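Chain by chain, the residues run as shown.
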Amino acid sequence: MNWDALKRVVAGGVELLDRVLDVTKWPLKEQKSEAMNKRRIGIGFFGLGDAMAMLGIWYGSVASAEFASEVARTMCNAAYRASIELA
């Protein structure tokens, strides 16, 4: 797994989603105010099973749970760091 590449992709996703908040046409001024004040975004993932298969990790094994946990932790930390930089 290229952990550095994952961190870069997550950081780019955070920046992209943050910019989306700025260009969204909010129906109500209250919605816009809420979005601008909190700037909530969501980063998720898909293809985890495919990544594990490519790495030879059996889906549902203890190793797969450990790998999934490391992916989630890495993404979370990278997203927090990117958010801090944006702030």
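What you are looking at is a predicted structure, and each value in this text was computed from that prediction instead of being measured.

Take the overall build of the protein next. On a plain count of helices and strands, the protein comes out with 4 helices and 0 strands. When the helices and strands of the protein are listed from N to C terminus, the series reads α-α-α-α. Over its C-alpha atoms the protein spans a radius of gyration of 16 Å, topping by over 25% the 12 Å that the globule rule assigns to 87 residues. Along the three orthogonal principal directions, the C-alpha set of the protein runs to about 50 × 25 × 15 Å. Scored against the burial criterion, the 87 residues of the protein give a buried share of 21%. Long-range contacts, defined here as pairs at least 24 residues apart, represent 57% of the contacts in the protein between residues at least 6 apart. On the protein, roughly 6500 Å² of surface is accessible, and the fraction owed to carbon and sulfur atoms is 59%. Of the side-chain charges in the protein, 11 are positive and 10 negative, and the distance between the mean point of each set is 6 Å.

With that settled, consider the pattern of salt bridges. For the structure on display, the rule yields 5 salt bridges. Among the ionic pairs, Asp18 bridges to Arg39, the shortest N-O distance being 2.7 Å. Here Arg39 lies in the loop between α2 (29-38) and α3 (48-55) and Asp18 lies in helix α1 (residues 3-23), a separation of 21 residues in the sequence. On the accessibility criterion, Arg39 (26% relative accessible area) is partly exposed.

Further remarks concern the side chain of Asp18. Looking at Asp18, the relative accessible area reads 14%, which means it is buried. There is a polar contact of 2.7 Å between the side chain of Asp18 and the side chain of Arg39. Apart from the residues within four sequence positions on either side, Asp18 is in contact with Arg39, Ile41 and Leu86.

The rules behind the values
Residues numbered from 1 in each chain as written. Predicted model: local features only at pLDDT ≥ 70, side-chain atom pairs only at ≥ 80, totals over all residues. Heavy atoms only, no water. Helix = DSSP H or I, 4+ residues; strand = E, 2+ residues; numbered from the N terminus. Rg over C-alpha atoms; globule rule 2.2 N^0.38 Å. Buried < 20%, exposed > 50% of the residue type's maximum accessible area, 1.4 Å probe, protein only. Contact = heavy atoms within 4.5 Å. Areas by Shrake-Rupley, 256 points an atom, 1.4 Å probe, with all protein chains shown as cover. Lys, Arg positive; Asp, Glu negative; His and termini not counted. Charge placed at Lys NZ, Arg CZ, Asp CG, Glu CD. Salt bridge = Lys/Arg side-chain N within 4 Å of Asp/Glu carboxyl O. Polar contact = N/O pair within 3.5 Å; in protein donor to acceptor, adjacent residues only side chain to side chain.

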